[in-house]
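As a plain string of letters, each chain reads:
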Amino acid sequence: MILLIGGSFAADSFLRFPVPGTNEPHYLTKARHYWNPQWCADDFFLESSNAHLFFYQTIGAVTQVLSLPLTAVLGRLSAFLLLAIGWYRLTGVLCPGYWSPLLAAWFYLALAAIGNFSGEWIIGGIEAKVFAYGFLFLALANACDQNWNRAGIYTGLTITWHPVVGVWALACGLFALACMGFFNRKNLDRRTLLHSVKAAIPALGCLILCSLPGLVPSLALLVQGNPKDSFAANYIQVFYRLKHHLDPMDFDLFSYLMYAVLLIAWLLLTRKQSPSFTSRFFQCFIIGSVGLACIGILLGAGPRPASEMPYYAFRMSLLKFYPFRLFDALLPLAFSIALLRLIQHHLFENTAEKTRPAWLSLSLRKMILAVLCLGIFTGTLYSAWQQPPIHKMSSAQRADWIDACEWIRKHTPEEALFLTPAHESDFKWYAQRPEYVTFKDCPQDASGIVEWNRRLKYLRKWGQEYYNAGFDDRALQALHQQTGITHLLVKRLGPFTTIDPIYQNRTYKVYQLP
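Here goes a summary of the coordinates provided. (Residues numbered from 1 in each chain as written. Predicted model: local features only at pLDDT ≥ 70, side-chain atom pairs only at ≥ 80, totals over all residues. Heavy atoms only, no water.)

1. Looking at the pattern of salt bridges
Quick note on the threshold: A pairing counts as a salt bridge when a side-chain nitrogen of Lys or Arg comes within 4 Å of a carboxyl oxygen of Asp or Glu. Helix and strand assignments come from DSSP, with helices taken as H or I runs of at least 4 residues and strands as E runs of at least 2, each series counted from the N terminus. Note on classification: 1.4 Å probe, protein chains only; a residue is buried when its accessible area is under 20% of the maximum for its type, exposed when over 50%, partly exposed between these limits.
In this structure the tally under the stated criterion is 14 salt bridges. Note that Arg-409 and Glu-406 form a salt bridge whose closest N and O atoms lie 2.6 Å from each other. Here Arg-409 and its partner Glu-406 are both found in helix α17 (residues 395–411), three residues apart, which amounts to about one turn of the helix. Arg-409 sits in the partly exposed class, given a relative accessible area of 31%. Judged by its relative accessible area of 24%, Glu-406 is partly exposed.

This is the structure in structure tokens:
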């Protein structure tokens, strides 16, 4: 069953996000550079601070043995196996039945194919958060079973792999525990409280110990930079570079409507569920994630530009921590499980036989459900196969892009520093050469974000200054002196009046600066 779940995740992932996926060049090239600093040396992003240090330390080691595409494939398969184990444990606790975990996974993939709230996803390319969600599912399953030491270990590992996911999960877990204490307040006495404290101490110790490899580097990253850089970096992140994840005023209306419907439907479906600890704890955990999202909406709601919002500096300093992340990823999971429980209740649990047609036997009901769910999963895979490519290029342009990058890899020195089209994201993946700056590869420390923004602004200003007269030797010398760039890979930029391309195809040209 675990292999079936993991295989379903992998099938959707490889069809919807062919290697390299959206973020794989971003994370895997940095992981490779972490272990081999000479590879793409002087690349601005690769030499910035390492926010996901544990991911680079573990997956980065694989890049020294395997190619980047093979590392991506192996990373996806291992992450989906872990995710499937966690999914199997969690859904098995919440929704009994041998096939329930697989059917819930298919429902979830169908919902994920429709859309999301803030751009959060679980099934896609390989990055640190995929492993983190696998450990989070294991932590939730053990918390629902009241195995607190194991829950602490898995929560700590969630934080290690992805501190933002892990810390928000810990906050929602503590909220759920507080709710359970409130529900059982009549049964609380000194002896019960003492027993709870004794159980909490080793669980907390396991949590802290297992979280340190990821938590310590993240905390060090937060305290880097001066107040001026921190303020500027927060603004750039929240209201420019990552506004599609962090600014609720940037989310589209469809996302709000979809998740509002999901939330209302989930609340209605869970009204009549048994008041067991397992069900209530999970429900309170999801409500905690809803509360975080509501706080995020309140923090971001207001006029634009954002500087007109009261206390906007404080508000954006909180928004940068992705308050919508768990709500976005876990509400479809909660809805899928609740829907499956409803189906089980009406189709398979003992009710008055007179309420059913005589021909609707148990085996027939199972067959109808199997065909329906298999159809949903098949439709999901078909939508993945039919969707436009994530790189937003035609097949001919994509072939030209890869061709130009391959030529660069074979015919330019390794120390060459490139100016590339601003919104292309996988140049280093194919060309294996450093870039001066690119929009996708934004650092995550304050000073790095400010410098990233300065570099983009300089290139924009340089292009505007010399555009009308054409890019002559004076323009190219200014570019080289200010940036150290030695080569250009361009699609539309030009004309260059004093140099000829050293290589070109139908779409791209490669220039070497004099």
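On we go from here.
2. Observations regarding the packing of helix α3 (residues 53–63) against helix α4 (residues 68–94)
Rule in force here: Only C-alpha atoms enter the line fits that serve as axes; for helices the fit covers just the stretch in contact. Angles between N-to-C directions range over 0 to 180 degrees. Each angle receives one of four descriptions, namely roughly parallel if under 35 degrees, roughly antiparallel if over 145, roughly perpendicular if within 65 to 115, and oblique otherwise. The crossing is said to be left-handed when, going from far helix to near helix, the turn is anticlockwise and less than a right angle, and right-handed when the turn is clockwise. Any two residues whose heavy atoms approach within 4.5 Å are treated as being in contact. When residue character is reported, Ala, Val, Leu, Ile, Met, Phe, Trp, Tyr, Cys and Pro are called nonpolar, Asp, Glu, Lys and Arg charged, and the others, Gly included, polar.
Close contact between α3 and α4 brings their axes to 9 Å; oriented N to C, the two are set at 130 degrees. One finds that α3 runs oblique with respect to α4. Relative to α4, α3 is oriented so that their crossing is right-handed. Between α3 and α4, the residues in contact are Ile-59, Val-62 and Thr-63 and Leu-68, Thr-71 and Leu-74, respectively. Here the contact of α3 with α4 is composed, by residue class, of four nonpolar, two polar and no charged.

3. Focus on the pairing of strand β4 (residues 509–512)
Heads up, the rule is: Here a strand pair is declared whenever DSSP counts at least two bridges between the two strands.
Across four bridges, strand β2 (residues 487–490) lies against β4 in antiparallel orientation. For Val-490, the partnering residue across the bridge sits in β4 and is Lys-509. Relative to β4, strand β3 (residues 503–504) runs antiparallel, the two being bridged by two bridges. Bridge assignment links Tyr-503 to a residue of β4, and that residue is Val-510. The loop that links β3 with its antiparallel partner β4 comprises four residues.

4. With respect to the sheet that holds β3
Here four strands make up an open sheet; going across it, the order is β1-β2-β4-β3 and the pairing mixed. Edge positions in the open sheet fall to β1 (418–419) and β3, since each of these has one partner strand only.

5. Some points on a nonpolar patch on the surface
In plain terms, the rule: Only residues whose relative accessible area exceeds 30% and that form no salt bridge enter a patch; like-charged residues are grouped when within 9 Å of one another, and nonpolar side chains (Val, Leu, Ile, Met, Phe, Trp, Tyr) when within 5 Å. In these tables, accessible area is a Shrake-Rupley quantity obtained with a 1.4 Å probe, and a residue counts as shielded only by the protein chains included in the view.
A grouping of Leu-204, Ile-208, Leu-209, Leu-212 and Val-216 is seen on the molecular surface, where their side chains present a nonpolar patch of about 470 Å² in accessible area. Mapping Ile-208 onto the fold places it in helix α9 (residues 190–222). Given the relative accessible area of 43%, Ile-208 is considered partly exposed.

6. Examining the packing of aromatic side chains
This is how it is decided: The rule is short: rings of Phe, Tyr and Trp, with Trp giving its six-membered ring, pair when the centres are within 6.5 Å, and they are stacked under 30 degrees, edge-to-face over 60, tilted in between. Counting as a charge over the ring demands two things of the Lys NZ or Arg CZ atom: a distance within 6 Å of the ring centre and an angle within 35 degrees of the ring normal.
Counted according to the given criterion, the structure contains 40 aromatic pairs. Look at Trp-106 and Phe-377: their rings are 4.8 Å apart centre to centre, the planes differ by 10 degrees, and that puts the pair in the stacked class. Note that Trp-106 is positioned in helix α5 (residues 100–114) and Phe-377 in helix α16 (residues 362–386), a separation of 271 residues in sequence. Judged on exposure class, the residue Trp-106 and its partner Phe-377 are both buried. Among the aromatic residues, ring-to-ring pairing joins Tyr-27, Phe-54, Phe-55, Tyr-56, Phe-131 and Trp-161 into one connected group. Over the ring of Tyr-322 we find Arg-325, and its NZ or CZ is 4.4 Å from the ring centre.

7. Points about the environment of Lys-129
With respect to the element layout, Lys-129 can be found in helix α6 (residues 128–144). You can call Lys-129 buried: its relative accessible area is 2%. The sequence separation of Lys-129 and Leu-369 amounts to 240 residues, and the corresponding C-alpha distance is 32 Å. Leave out the neighbours within four places in its chain, and Lys-129 touches Glu-120, Trp-121, His-162, Val-165 and Arg-325.

None of this, on its own, says anything about what the molecule does.
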